[in-house]
Structures are given as C-alpha cells and as structure tokens.
Amino acid sequence: MADLSHSRSAAIAAGSGPRRLFHNLFVRNFSAKLAATPMIMTVLIVFVGCTAWTIFYSFTNSRSLPSGELVGFDQYTRLFSNRRWNASVINIMTYGVTSLCFTMVVGFLLAVFMDQKIRFESAFRTIFLYPFALSFIVTGLVWQWIMNPAFGLQETVQNWGFTSFTFDWLKNRNMVIYALVIAGLWQGTGFVMVLLLAGLRGIDEEIWKAARVDGISTWRTYLFIVLPMMRGVIVTTLVIVGSGIVRLYDLVVAMTQGGPGISSEVPAKYVYNYMFGAGNLGQGLAASSVMLLTVFIILIPWMLIEFRPKHHS
Amino acid sequence: MKKFTVAAAMAAALMCGTSAFATDLEVTHWWTSGGEAAAVAEFAKAFDATGNHWVDGAIAGSSDVARPLIISRILGGNPMGATQLNTGRDAEDLIKAGLMTDLTDLAKSEGWYDVIRPKKLLESCEFEGKLYCVPVNIHSWQWLWLSRPAFEDNGMEVPTDWNQYVADFPKLREAGVIPFSLAQGWPTNGIFGVLLAGVGGTDLFLAVNRDKDVSAVEGPDFRKVAQAYADLRDAVDVNETVGQWNEATAQLINNTAAGNIMGDWAQGEFAVAGKVAGKDYDCLPGLGLNAVLDTGGDAFYFPKNDDPAITEAQLVLAKTMLSPETQVAFNLKKGSLPVRGDVDMSAANACMQKGLKILEDPNGVLPSGEQLLSSDTQQQLQDLEIEFFSDKSMSIDDFVGQFADIMGSAD
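Note that the coordinates shown come from a computational prediction; the quantities given were computed from them, not determined experimentally.

A short note on the packing of aromatic side chains
Okay, step 1: All told, the structure shown has 41 aromatic pairs over all chains when counted by the stated rule.
Okay, step 2: Each ring, one from A:Trp53 and one from A:Tyr57, has its centre 4.4 Å from the other, and the planes form 45°; the classification is tilted. Of this pair, A:Trp53 and A:Tyr57 both sit in helix α3 (residues 30–57), 4 residues apart, which is roughly one turn of that helix.
Okay, step 3: We classify A:Tyr57 as buried; its relative accessible area is 17%.
Okay, step 4: Members of the aromatic cluster, each reached through a chain of ring pairs, are B:Phe192, B:Phe222, B:Tyr229, B:Phe388, B:Phe389, B:Phe399 and B:Phe403.
Okay, step 5: Its end group placed over the ring of B:Phe388, B:Arg233 keeps NZ or CZ at 4.3 Å from the ring centre.

What follows is the structure, given as structure tokens:
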C-alpha cells in the first residue's frame, strides 16, 4: 500500500501542467512545509511587511502619526543636506572601520594565545568574555567616568605628579569617536575571541601534525592554513560585529549624548531623535531606510559568495 | 424582594461611592531635581486631600527623555491618568487622533477663561475651540542669574545688564571664577533663544520665530545676536561644562561660577539651597536689556480612558491643580509664576516680583519658541546651535546661512 501511494505521487510529480505545480507546492513534503509555516508567516509579516511599511512611509510627509501623502524624495533630499546626518554617517564609518579591524585582529590574537594550552584557560576566557555580559549603557557610563577629564584617568595621572598629562578625548571633537571605539572594543573583543577560539578548536589535529611534519612554522600555519579553514566562523563573526556597528546607539547615549556638539552623533540616534523627539516620522523612516540599504550593500556580496551554487567537480 | 432591592441599591451606591473616592491616578512628569520634586509634592498633597490617590510616575532625565516615553505610551493604548507635556505643538497630533480628554466644560464651570492670564496660555491648550490641557505655571527662559558673592568678593560691582557682564569675563577669569556656567545639551540651545530676545529685541524675536522671516535672519540685528552667541562660545571652556542644568545652578550657589542663563525653574534650586534673591543671588529678566518674558510653561494633559472613575478623577485633578491655594503653594516652590491673575503672591521673592511686574505689561509678554515652532524645526535648530557652540572654527556666516535655510523650510 505504501509502495503504491508512493509510486502514485511520484507519477504525479513526474507529470506536467498545473497539477504538478500544485503537487510540488503543497503536497510534496507536506509535513515539513506545515512545520515551516509559522516561521514563513513571521518573516513575511514581521520582517518583510514592516520593512515595506517603513520604506513606504519614508516617502510621505508623516509627522507624529503616519500620513499617506506622498512627497517623493523630499525626505531623502533633506536628509542628505542635513549636517548632523552627514556627520553621523562619517562617524559611523570611522567607528565601524576602526572597531571592526581592531576587534578582529585583537580577538584573533587573543584566541591564538588561548589556544596555546595555557594554564587557567577557562579563568582567562571568563575574564575576557565578562565585559560582553554588561550592557552598552553600563559600559558607556563606566567609560564616561574613566575618561572624564575632571574625575577620571587624566585627573588621577595628574595627581601622581605628571601634570602635563592630558587625556580629554571625551571633550575633544576630533578624538571623541575613538573614545567610543575604545569602550566598544573593551566590550566586544572578548566575544570575538571566544567565537574564533571555537573555530580554532574545530580544526583537525591531523592538520597540525601534517604541518609540523612538513616543517612549517607555527605562525605560518595559523596564518596560511588554519585561518582560511575558519572561513565560516570568521564570516559569522563579521556579520555579528558588523550588525552591532550599524545599530550603535546606546553606547553613544550613555557616554557622550552625541557631543561635544554633534561630533559623536550616529545614524541610529538621528532616527530616534527625529522619529520621537522631533515627531517627524517621515524623516526618521527615511534615515532608517538608508541604514537598511547600507546593511544590504554589506550583506549582498557576502550572500552571493556564501550561497552561490556549489560546483561539483 | 423589596428588601433585596434596597440592599442592592445601597450596595451599588456604596460601590459607586468608593470608586468615586479613592481612585488611583498615575501622573507622569519629568520633575526630578530638588526644587521640582518639592513643587510636585504640593500637587500630590492637594490631590490626595480630595480623597483620591496620586501615583507618582516621575521619569528621570529631561523632557527629551520623558516626552517620547509618554507619547509612545499614549499611542500604544496604555495611557496614564495624567501627564505633563509642554504647552505647544507637542501634543497636537495626539489631540487630533482623539486621544485626549476634553476639558472644555470644566473650564467653563470653573471660570478659567476669565482668570488665566496671559490668554495665550489657554489658547495653546485649545484645538478647534476645545480645551485639552491645564497650564499650571508660567515659565520663562529670559533670565540671567548672577552670584553676588562671585562678584563682590573679588571687588567687582554686580552687573546690571548683559553687556556689563560680558565685559567682566576677563576679570572673573583672573579671579579664578568660571564666568559663565554651562550645561550640555538643551541649555546651550536655550541660551540662543534668550540672546535673541535680549540682545536682538522683541521685534527680531517675533520676526524670526513667529513670521519665520528669512530676511530678518540674514539682517544685521540677527548677526549681532549670532556674534554674542559666538563670543560666549569663545569665553566658555569645554572642560568646565557640566552635565545637567541644576549642576550649573549649583555652581552659582557655591559661588564657583558667576552667571548662568537659565529659565526661572533655576529659582527652585536656589530656594532649596536656602539662598535669598537680591542678597545671595541676582536675576536680570531679559538679560537686563529688554525686559520681556516668554510665557511657555508646563501643562498637564489627561489622556482618554475607558474607566469612568479615572475620567472623573482626571477632572478632579485638573480642578485641584488650578485652585488658587494649590497655584500659590506650587509656584512658590517651583520658582515659576502662577497662571491665575487673582491670587495673592505677596509671599513671592524679589525675582518673582520682577517677573510678575513684567507679566502685567502686555508688551512684556512673548510667546515661547515651543509655541511658535514645531518640534521638528526646534530639533533642527537645536542641532545647529549645539554644533556651532561646540565648534569654534564654525563661522558666523555659516551659522546664519544654515539658520536661514531651516527657517525657510519651517512649517
């Protein structure tokens, strides 16, 4: 009986026309499709639906409440002629590039050190990962105190007798963004380290033995053999770190409030201020649509590489 | 059967009675500094005396933090019993969406239209002829606060206007006193509005904020104001700026700083610290140049509610807030002026008396920027002013040009 029904459905699948289409869409792997339905509906309604809503209303003149009156690209024109927005974009790029490079390099180095079968490894791992357990708000407040020229590091070192020592990055318009980078690094590097360490541990011991037999030095093995083999972990880490950078907001609010002046403003804060503070939904949504577009520009090349059809040789 | 009906009626009456009396009403506001908290306690005391219960929903941080929280709670269908919002265009959209309780009938029966002055205060609570909020005080930004000891201890006269004060900056520096205490964020922004009214004059203030006249922005008078703002920027040391406005006031109380431009709510801080107006500190409304006050202020809105008991309590609270006794008690603590002209303010200090006198003169009253400009325009101006104030390399031409652009597109 089972054989019979199986061969029947196989016959339909092999057939042609709308019947086959219907079969392929609904009957084939029916239970799997049923199980995936809630997820598919969530994606369609929550993610795709809300994104479409956001993009649509960014072309309207909505204030506190959504309005359907279309104004073309007016919100975008205003956005890109706004000094604060342009400063925010440059800031997030500076922050992004610096913090991405440093977290990856430092995180990888720490992971390599951890990989040397050192003593108390789990203790060190906990210490390095600990800042990640703190929210950005706490991180920001702590570093705000440390870097505050009147109370923190500068004052302490000056009290030690080094009166010419200055460390006023929080009040310095050109350096404040790097103050944010430092706090971000402190918070995020441990996490990158743990991810990469897991990747390192996933490398087969045999590879190491083979490299040793061939007389390849340790650092060369790491750089040219192990690192390329960790591509999956590295890509995942990049995506996690990258998405954290794009939505950077709470750290800025806790640490600098965008100041001094507008020199540490970031796009997410612009979105929040214009959407809620200024009651200009259209402008806020236009800014968030631009942020979404940026994420896509970063993600699409990666998706093309990752999900391209595998060649069977 | 008859007995049962009577009993049921009595029980129902009893239940109604209890629900009409002890109703809990959550009131959200952002009054958290010492003077503000003392003032809001007067409201709570008066409201509790009516048999209801004031549930305090203070939101720490400035209005920039609290406003989005309050608005999103109302929009999200989880309204509080009553909430503070600045009079102005903030709540217009909420009223349009029908989310606020209509207070028109109460206002008529209480005679608010006759006693509340200036009239603009009630007008800004109105929408299409109906009243939606209760103004509780008159706040004005146009005050220059001066610490008398900071001048007198260093052998200087206490200045009587802005120009003399600015001329004293170098001497104050020499004496080791911070000439101008500054808090980050919105206070920086507020200073510009005060300079606009004080240095620029009433006509310029109205041409810019009310008429959104771009040619006035590009004119010589506005340039003078921008120059004064730039001069102040150059005199302030960034490392001396503090985080909150009340810390800046505290610098005056401790005599470590000589002066500060801040709204009259600063007076609440002086009062809590036990300082006496005219003796420990001085005040110059309109910077001593142009004695005008804007009449913004705080107002309470009452979001619509499904529960009739809450609606009833809302009306009781609205009535309580504007009763003559509460007005006096509240405003003395807050440092602001009462919205009713018919109350006895003889207990007010020297600075408040100056303010009351200006209020009597129709030419002394300015509408506030909040009433004239949308929050969207205010936000853009704030961004510009804060950028200009922090960046000593930004030229006045650049500032004026940007300002004109924003005003040109303001709605």
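With respect to the nonpolar core
Residues and elements named next belong to chain B.
Okay, step 1: Judged by nonpolar contacts, the single largest core of 73 residues is most densely connected at Trp145, Phe180, Phe222, Phe399 and Phe403.
Okay, step 2: Sequence-distant contacts of Phe180, defined by excluding residues within four places in its chain, comprise Trp162, Tyr165, Phe169, Ile191, Leu232, Val236, Gly259, Asn260 and Ile261.
Okay, step 3: Formed by 59 residues, the second largest nonpolar core is a distinct cluster that contains Ala39, Leu94, Leu322 and Met345.

Quick look at the interface of chain B and chain A
Okay, step 1: The interface of chain B with chain A comprises 24 residues on the first partner and 20 residues on the second.
Okay, step 2: Across the chain B/chain A interface, buried area totals approximately 2000 Å², and carbon plus sulfur atoms make up 45% of it.
Okay, step 3: For the side of chain B that touches chain A, the elements supplying multiple residues, two or more each, are α3 (63–75), α21 (375–390) and α22 (396–408) of chain B.
Okay, step 4: Among the elements that make up the side of chain B that touches chain A, the one with the highest residue count is α21(B) (8 residues).
Okay, step 5: Looking at the side of chain B that touches chain A, its residues break down into 6 nonpolar, 10 polar and 8 charged.

So, the pairing of strand β12 (residues 298–301) of chain B
Residues and elements named next belong to chain B.
Okay, step 1: Across the two faces of β12 the burial is the same, with Asp298 and Phe300 and Ala299 and Tyr301 all buried.
Okay, step 2: In terms of strand pairing, strand β3 (residues 82–86) meets β12 through 4 bridges, oriented antiparallel. In the strand pairing of β12, Asn86 is matched with Asp298.
Okay, step 3: Here 3 bridges tie strand β6 (residues 133–135) to β12, and the two strands are oriented antiparallel to one another. Bridge pairing in β12 places Cys133 opposite Tyr301.

Considering the sheet that holds β3(B)
All names here are of chain B.
Okay, step 1: One open sheet accounts for 5 strands, arranged β2-β1-β3-β12-β6; its pairing is mixed. Pairing within the sheet leaves two strands with one partner each, and these edge strands are β2 (53–58) and β6. The mean angle between the axes of side-by-side strands here comes to 30°, regardless of whether they run parallel or antiparallel.
Okay, step 2: Note: strand β1 (residues 24–29) against β3, 2 bridges, orientation parallel. Residue pairing in the sheet places Val27 in a bridge with Ala82 of β3.

Some remarks on the domain arrangement of chain A
All names here are of chain A.
Okay, step 1: In terms of domain boundaries, chain A breaks down into domain 1 (2–57) and domain 2 (81–307).
Okay, step 2: For domain 1 versus domain 2, the distance between C-alpha centres works out to 40 Å.
Okay, step 3: The interface is formed by 5 residues belonging to domain 1 together with 6 residues belonging to domain 2.
Okay, step 4: Summing both partners gives a buried area of about 390 Å² for domain 1 against domain 2, and 78% of it is carried by carbon and sulfur.
Okay, step 5: Our count for the contact surface shared by domain 1 and domain 2 stands at 0 salt bridges.
Okay, step 6: Counting the contacts that link domain 1 with domain 2 gives 0 residue pairs in polar contact (both at pLDDT 80 or more).
Okay, step 7: In the side of domain 1 that touches domain 2, the residues fall into 3 nonpolar, 2 polar and no charged.

Things to note about the sheet that holds strand β9 (residues 257–261) of chain B
Residue and element names in this part refer to chain B.
Okay, step 1: Taken together, 4 strands build an open sheet; the order of strands is β8-β9-β7-β10 and the sheet is mixed. Across the chains shown, the open sheet's two edge strands, defined by having one partner strand only, are β8 (178–180) and β10 (281–285). For this sheet the average axis-to-axis angle between neighbouring strands, irrespective of direction, equals 15°.
Okay, step 2: One ladder, built from 2 bridges, connects β8 with β9; its direction is parallel. Following the sheet pairing, Phe180 is matched in β9 by Gly259.
Okay, step 3: Sitting on the sheet, helix α15 (residues 245–253) is in contact with β7 (143–147), β8 and β9, with an inclination near 140° to β9.

Topic: a nonpolar patch on the surface
All names here are of chain A.
Okay, step 1: On the surface, a nonpolar cluster with roughly 830 Å² of combined accessible area is contributed by Met39, Ile40, Met41, Val43, Leu44, Ile45, Val46, Phe47 and Val48.
Okay, step 2: With respect to the helices and strands, the residue Leu44 is situated in helix α3.
Okay, step 3: For Leu44, a relative accessible area of 47% puts it in the partly exposed group.

About the criteria used
- Residues numbered from 1 in each chain as written.
- Chains lettered and ligands numbered in written order.
- Predicted model: local features only at pLDDT ≥ 70, side-chain atom pairs only at ≥ 80, totals over all residues.
- Heavy atoms only, no water.
- Phe/Tyr/Trp six-rings, centres within 6.5 Å; stacked < 30°, edge-to-face > 60°.
- Helix = DSSP H or I, 4+ residues; strand = E, 2+ residues; numbered from the N terminus.
- Buried < 20%, exposed > 50% of the residue type's maximum accessible area, 1.4 Å probe, protein only.
- Lys NZ or Arg CZ within 6 Å of the ring centre and 35° of its normal.
- Core = buried A, V, L, I, M, F, W, Y, C linked by side-chain atoms within 4.5 Å.
- Contact = heavy atoms within 4.5 Å.
- Buried area = accessible area lost by both parts, 1.4 Å probe.
- Nonpolar A, V, L, I, M, F, W, Y, C, P; charged D, E, K, R; others polar.
- Pairing = 2+ DSSP bridges.
- Axes fitted to C-alpha atoms, helices over the stretch in contact; angles between N-to-C directions.
- Domains from an automatic or database assignment.
- Salt bridge = Lys/Arg side-chain N within 4 Å of Asp/Glu carboxyl O.
- Polar contact = N/O pair within 3.5 Å; in protein donor to acceptor, adjacent residues only side chain to side chain.
- Patch = residues over 30% accessible without salt bridge, like charges linked within 9 Å, V, L, I, M, F, W, Y side chains within 5 Å.
- Areas by Shrake-Rupley, 256 points an atom, 1.4 Å probe, with all protein chains shown as cover.

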